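Structural overview for review
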Amino acid sequence: MRLIVCIDDKGGMAFNHRRQSRDRVVTEKIEGLARGDVLRTSLYSAKLFPPDVIESSEDYLSQAAEDDFCFAELENVTPYEHQIKEITVFRWNRLYPADLYFQIDLTQWKLVHTEDFPGNSHEKITMEVYRI
């Protein structure tokens, strides 16, 4: 699977069972990354994307095939780490309240691409792509 997450400066993903933030440009970039492939999300995250570009379910991570993209916002992804071959991280470059954190140690992964871009609601967002 190819995992996609959005995190703050301390690795926070969500607070009180809700996403920390969202940005239209990030959503468009995720759609572009997954174009031509399967993009899986939770039912909660499905509303961010047009229905024709995603497959959503509550157990989307366990349904993911090797080349599927999975956008995770509220899930602890560590039980699926052995299935992940690529991680795309969108960094908000700011600190938000959080009670769910991204737990995968990225120092064990190889950074293969980084890109800074202006978002719709964030002055600078950083996209990083890691592979095992």
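Note on numbering: residues in each chain are counted from 1, in written sequence order. Local features in this predicted model are restricted to residues of pLDDT 70 or higher, and side-chain atom pairs are both shown and tallied only at a pLDDT of 80 or more, whereas totals for entire chains, interfaces and linings draw on every residue. The side-chain values count all of the structure's non-hydrogen atoms but skip hydrogen atoms and water molecules.

Each strand in a sheet pairs with another by means of backbone hydrogen bonds, the pair being arranged parallel or else antiparallel. Here, any two strands with at least 2 DSSP bridges between them count as paired. Numbering of helices and strands runs from the N terminus, with a helix taken as a DSSP run of H or I at least four residues long and a strand as a DSSP run of E at least two residues long. Within the open sheet, the 7 strands sit side by side as β5-β4-β6-β1-β7-β10-β9. Their pairing is mixed. Strand pairing shows two members of the sheet lacking a second neighbour, β5 (55–56) and β9 (110–117), which therefore form its edges. Looking at chain direction, strand β4 (residues 39–41) and β5 are connected through 2 bridges and run parallel. Within β5, the position partnered with T41 by the bridge is S56.

If you look at the biggest cluster of nonpolar residues, it comprises 21 residues, and the most contacted ones within it are L3, V5, I87, F102 and I104. Those elements that provide at least two residues to this core are β1 (2–7), β2 (12–15), α3 (60–63) and β7 (86–91). A per-element tally of this core places β1 first, with 3 residues. Every residue pair with non-hydrogen atoms within 4.5 Å of one another is taken to be in contact. Setting aside its immediate chain neighbours within four residues, I104 contacts L3, V77, T78, E81, I84, I87 and W109. Buried Ala, Val, Leu, Ile, Met, Phe, Trp, Tyr and Cys residues form a nonpolar core when they are joined through side-chain atoms within 4.5 Å. Exposure classes here rest on a 1.4 Å probe applied to the protein chains alone. A residue is buried below 20% of its type maximum, exposed above 50%, and partly exposed in between. By size, the runner-up hydrophobic cluster in this structure holds 20 residues, among which are I4, A34, L48 and M127.

Attention now moves to the pairing of β2. Note that β2 and strand β8 (residues 100–101) share 2 bridges and pair antiparallel. By the bridge assignment, G12 is partnered in β8 with Y101. Relative to strand β3 (residues 18–19), β2 runs antiparallel, the two sharing 2 bridges. For F15, the partnering residue across the bridge sits in β3 and is R18. Remark: 2 residues form the turn of the hairpin made by β2 and β3, two consecutive strands paired antiparallel; N16 in that turn has positive phi of roughly 55°.

Bringing the environment of I54 into the picture now. As for its placement among the helices and strands, I54 is situated in the loop between α2 (43–46) and β5. Apart from residues lying up to four places away in sequence, I54 is in contact with L39, T41, A46 and F49.

Any residue with an atom within 4 Å of a point lines the site, the site being either a cavity, points on a 1 Å grid over the protein atoms alone where a 1.4 Å probe fits but cannot get out, or a pocket, an open set with protein on both sides within 12 Å along at least 5 of 7 lines. Grid points are joined across faces, edges and corners, and a volume is the space filled by probe spheres set on the points. Under the criterion given, the structure shown has 2 cavities of 30 Å³ or more. The computed volume of the largest cavity comes to approximately 70 Å³. As for the largest cavity, its lining consists of C6, R19, S21, R22, D23, V26, T27, I30, L48, F71, E73 and W92. The element best represented in the lining of the largest cavity is helix α1 (residues 24–34), accounting for 3 residues. As a working rule, the residues Ala, Val, Leu, Ile, Met, Phe, Trp, Tyr, Cys and Pro are called nonpolar, Asp, Glu, Lys and Arg charged, and the rest polar, with Gly in that last group. Across the lining of the largest cavity, the residue classes tally to 6 nonpolar, 2 polar and 4 charged. Put simply, the second largest cavity is a space of about 60 Å³. Along the walls of the second largest cavity sit V5, C6, M13, R19, Q20, S21, F71, A72, E73 and W92, which together make up its complete lining. Each residue belonging to the lining of the second largest cavity can be placed in one class, and the counts come to 6 nonpolar, 2 polar and 2 charged.

Those residues of α1 that sit buried are V25, V26, T27, I30 and A34. Contact partners of the buried residues in α1: β1, β4, β6 (69–71), β7, β9 and β10 (125–131). Any N or O atom pair separated by 3.5 Å or less is treated as a polar contact, with the protein-specific requirement of one donor-capable and one acceptor-capable atom, and with residues adjacent in sequence counted only for side-chain atom pairs. Sitting at the amino-terminal end of α1 is D23, which places a side-chain oxygen 2.9 Å from the backbone nitrogen of V25. Directly beyond the C-terminal end of α1, a positive phi value near 90° is found at G36.

In short, shape yes, function no, at least from these values alone.
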